[in-house]
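Residues per chain are reported as follows:
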Amino acid sequence: MIEAGVLHIIIPLALVVCAIFVAVFRDLLYAVVALAVLSLLLAFEFYLLKAPDVAMAEAGIGAAVTVAIFIIAIRATRRME
């Protein structure tokens, strides 16, 4: 089992990598998926920091509702490459 101290190092690094992916991806759907992964990692970090209420809110709003709204907005527009 991985210790919590190691996870407190790995998760912020993964957050930074996901944030870079969100900024770099040219395809908006890929960027939204990377944003969803970022939100889930952030929710997991909040859970490790003993804030389960904040983790639940981040997972529910940040990873689910926001991503769903972005996907609906992307589907409503025309794709131009």
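Everything below is about the structure printed above this text.
Since the structure is predicted, the reported quantities are computational estimates derived from the model, not experimental observations.

Enquirer: Would you explain the nonpolar core in this entry?
Expert: In terms of nonpolar packing, the biggest core is built from six residues, these being Leu 7, Ile 11, Leu 15, Cys 18, Leu 38 and Leu 48. For this core, the elements supplying multiple residues, two or more each, are helix H1 (4–24) and helix H2 (28–48). Here this core gets four residues from one element, more than from any other, and that element is H1. Apart from residues no more than four positions distant in its own chain, Leu 48 is found in contact with Leu 7, His 8 and Ile 11.

Enquirer: For this particular structure, what's the right way to read H1?
Expert: Taking 1.5 Å per residue, 21 residues should reach 30 Å; H1 reaches 30 Å between its end C-alpha atoms and fits that length. What H1 keeps buried is the set Leu 7, Ile 11, Leu 15 and Cys 18. Looking straight down H1, one finds that the buried residues subtend no more than 75° of arc, so they occupy a single side. Summarising the geometry of H1, the exposed residues directed more than 90 degrees from the buried face are Ile 9, Leu 13, Ala 23 and Val 24. Considering only its buried residues, H1 is in contact with H2.

Reading guide: rules and limits
Residues numbered from 1 in each chain as written. Predicted model: local features only at pLDDT ≥ 70, side-chain atom pairs only at ≥ 80, totals over all residues. Heavy atoms only, no water. Core = buried A, V, L, I, M, F, W, Y, C linked by side-chain atoms within 4.5 Å. Buried < 20%, exposed > 50% of the residue type's maximum accessible area, 1.4 Å probe, protein only. Helix = DSSP H or I, 4+ residues; strand = E, 2+ residues; numbered from the N terminus. Contact = heavy atoms within 4.5 Å. Expected span 1.5 Å × (residues − 1). Arc of directions from axis to C-beta.

The values reported here are purely geometric and, on their own, carry no functional implication.
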